[in-house]
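# Observations on the three-dimensional arrangement
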Amino acid sequence: MLSPFLQRAAKKTAIITSPVNAALYSGNNMNSFLTLLISLTLFISGCSSSTSESNDNELFGVWVSSCFIGFDDQPSKSSIEFSEQQVTTGTIYFNDYDCIELNTDIETTQSTSSYRLGQEFMTIGGNKATEIDVDFYIDDDFMLTVKDIVSVINSQLYLGAYIPDNDCNEFEQIAIGSDFIDICNQRPTELNFDSSYYKQ
């Protein structure tokens with residue numbers, strides 16, 4: 001599964017959620033890449049909402065998604081853990097579509113990356129969001145810095161909305177991985193309210 005940050009950027013995968021998820025894909029790292037992609041890229045559309053956006057410190061901690069059907073029709077949940085300098089994303093697999101019984105036959109995938117928060121700004125929908133850059137590595141080699149946005153609204157974590165091919169700046173379109181998956185690494189200007197993470 002892809003990191004949630006990579007999922008939005010990946011445009012040739014079954015589940016598209018966030019730019020960070022798309023960057024992890026490669027032939028030898030497909031499972032971890034798809035896990036990361038599904039984790040941050042369950043957010044495809046945007047709608048407008050505004051109430052009590054929180055400050056950056058509220059990012060710290062573990063955030064878990066609702067149950068979703070991920071790669072290979074596998075019931076899954078994604079997690080994101082923020083500390084001061086690192087973000088760890090992972091995917092947990094289940095045997096049932098309510099995500100109650102853990103699937104112990106599939107190893108939980110996890111990936112840790114460094115991140116930097118940028119400026120706060122108001123999205124098109126009128127919500128306060130913060131720029132976030134996440135660095136991804138494969139086999140300790142730097143691969144890509146994914147540009148996304150993040151916001152905590154009413155105790156729920158949201159990432160940036162998917163940017164369609166025809167809206168992506170041509171200079172922000174790049175190919176990654178051994179299979180050269182195309183991603184749009186343009187920073188979103190709107191949050192994706194189709195998916196959210198809840199703090200544990």
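The rules we used
Residues numbered from 1 in each chain as written. Predicted model: local features only at pLDDT ≥ 70, side-chain atom pairs only at ≥ 80, totals over all residues. Heavy atoms only, no water. Salt bridge = Lys/Arg side-chain N within 4 Å of Asp/Glu carboxyl O. Helix = DSSP H or I, 4+ residues; strand = E, 2+ residues; numbered from the N terminus. Buried < 20%, exposed > 50% of the residue type's maximum accessible area, 1.4 Å probe, protein only. Core = buried A, V, L, I, M, F, W, Y, C linked by side-chain atoms within 4.5 Å. Disulfide = S-S within 2.5 Å. Lys, Arg positive; Asp, Glu negative; His and termini not counted. Contact = heavy atoms within 4.5 Å.

With that out of the way, let us pick up the pattern of salt bridges. All chains considered together, the criterion is met by 3 salt bridges. Of the charged contacts in the structure, one is a salt bridge between Asp-135 and Arg-116, with a shortest N-O distance of 2.7 Å. On the criterion of sequence distance, the pair formed by Asp-135 in strand E6 (residues 128-138) and Arg-116 in strand E5 (residues 109-122) is long-range, its members being 19 residues apart. Residue classification places Asp-135 among the buried positions, given a relative accessible area of 7%. Between Glu-172 and Lys-147 there is a salt bridge; the shortest N-O distance is 2.8 Å. Of this pair, Glu-172 sits in the loop between strand E8 (156-159) and strand E9 (173-176) while Lys-147 sits in strand E7 (residues 141-153), and the two are 25 residues apart along the sequence.

Counting 19 residues, the largest nonpolar core has Ile-80, Phe-82 and Leu-157 as its most contacted members. Every element with two or more residues in this core is listed here: strand E3 (75-82), E6, E7, E8 and strand E10 (181-184). Per-element accounting of this core gives the leading share, 4 residues, to E7.

By the element assignment, Asn-127 lies in the loop between E5 and E6. For the pair Asn-127 and Ile-153, spaced 26 residues apart in sequence, the C-alpha to C-alpha distance is 8.6 Å.

What follows deals with the state of the cysteines. Summed over the entire model, instances satisfying the criterion amount to 2 disulfides. The residue that forms a disulfide with Cys-67 is Cys-99, at a sulfur-sulfur distance of 1.9 Å. Because the sign of the S-S torsion sets the handedness, a value of about 60° for the bond joining Cys-67 and Cys-99 places this disulfide among the right-handed ones. Pair noted here: Cys-67 is in the loop between strand E1 (61-65) and strand E2 (68-69) and Cys-99 is in the loop between strand E4 (86-93) and E5, with a separation of 32 residues, a long-range link. Look at Cys-67 and you get partly exposed, because its relative accessible area is 30%.

On to the side chain of Asp-96, then. For Asp-96, the location among the structural elements is in the loop between E4 and E5. Of the side chains with opposite charge, Lys-77 comes closest to the buried, unpaired Asp-96, at an N-O distance of 9.1 Å. Among all residues touching Asp-96, those that are not within four sequence positions of it are Pro-75 and Glu-101.

What follows is about unusual backbone geometry. Despite not being glycine, Asp-73 has its phi angle at roughly 55°, a positive value. The residue Asp-73 is located in the loop between E2 and E3 in this model. Judged by relative accessible area, which is 58%, Asp-73 ranks as exposed.

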